[in-house]
Amino acid sequence: RDKFGKEDIMLGINSKDGRSHNQLHIHLTGLKGDIRKELDKLANVPTDLNKWNESMYVLGEHAYRIVRVKSLDTNPFNLLQDNVVKKFQDRFQQSMAVVADTKDGGFYLITTQGAPEKGQPQHEPELKVDQGGKKYYGSKAIDDLMYLG
């Protein structure tokens, strides 16, 4: 595709370990078409932020924590800190994407994390999904969601 509709735009930030240039930056890019289809097919994605930490799904080849919000009135990074990171203080291990929810309106907040580096806290629950006899794990970056065409 050469053009994107607003529902195909993604804002994303990679974890500290997932940055290629060791610089904090926000990606404004397109969402892969196959990822959009998978996202649109997800059922029972919670709107309760208290369930975000355990709301795990597979998109592409990785596991993600996904929650839906009606608006972006509250800073998504604060929501991530308060509802996923909590006691582990592993905020810098988290990668996050914000994508429009085309079914119900609002937005999906999508997070992933790779295995912790030596000396970093292990997040519980571990970001792992068993599906169809295969194990899917989190990633250090949101790059697999991005359309790079």
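Residues numbered from 1 in each chain as written. Predicted model: local features only at pLDDT ≥ 70, side-chain atom pairs only at ≥ 80, totals over all residues. Heavy atoms only, no water.

### Some thoughts on the pairing of strand β2 (residues 27–31)
To keep it simple, the criterion reads: Exposure classes here rest on a 1.4 Å probe applied to the protein chains alone. A residue is buried below 20% of its type maximum, exposed above 50%, and partly exposed in between. Helix and strand definitions follow DSSP, with helices as H or I runs of at least four residues and strands as E runs of at least two, each counted in order from the N terminus. Two strands pair if DSSP finds at least two bridges between them.
Taking burial as the measure, the 5 residues of β2 include 4 buried ones, the bulk of the element. Where strand β1 (residues 9–13) meets β2, 4 bridges bridge the pair, whose relative direction is antiparallel. By the bridge assignment for β2, Leu11 is matched with Leu28. Pairing of β2 with strand β9 (residues 146–147) involves 2 bridges; the strand directions are antiparallel. Each residue of the ladder has a partner; that of Gly30, found in β9, is Tyr147.

### Section: the sheet that holds strand β5 (residues 94–100)
Defined as follows: Whether two residues are in contact is decided by their heavy atoms, any of which lying within 4.5 Å being enough. Note on geometry: axes are C-alpha line fits, over the in-contact stretch for helices, and angles between N-to-C directions span 0 to 180 degrees.
One open sheet accounts for 7 strands, arranged β3-β4-β6-β5-β1-β2-β9; its pairing is antiparallel. Each edge of the sheet is formed by a strand with only one pairing partner; in this case those strands are β3 (56–59) and β9. Across 7 bridges, β5 lies against strand β6 (residues 107–113) in antiparallel orientation. Bridge assignment links Val99 to a residue of β6, and that residue is Tyr108. Packing of helix α2 (residues 76–85) onto the sheet brings it into contact with β1, β4 (62–69), β5 and β6, and relative to β5 it is tilted by some 125°.

Keep in mind these values describe shape, not function.
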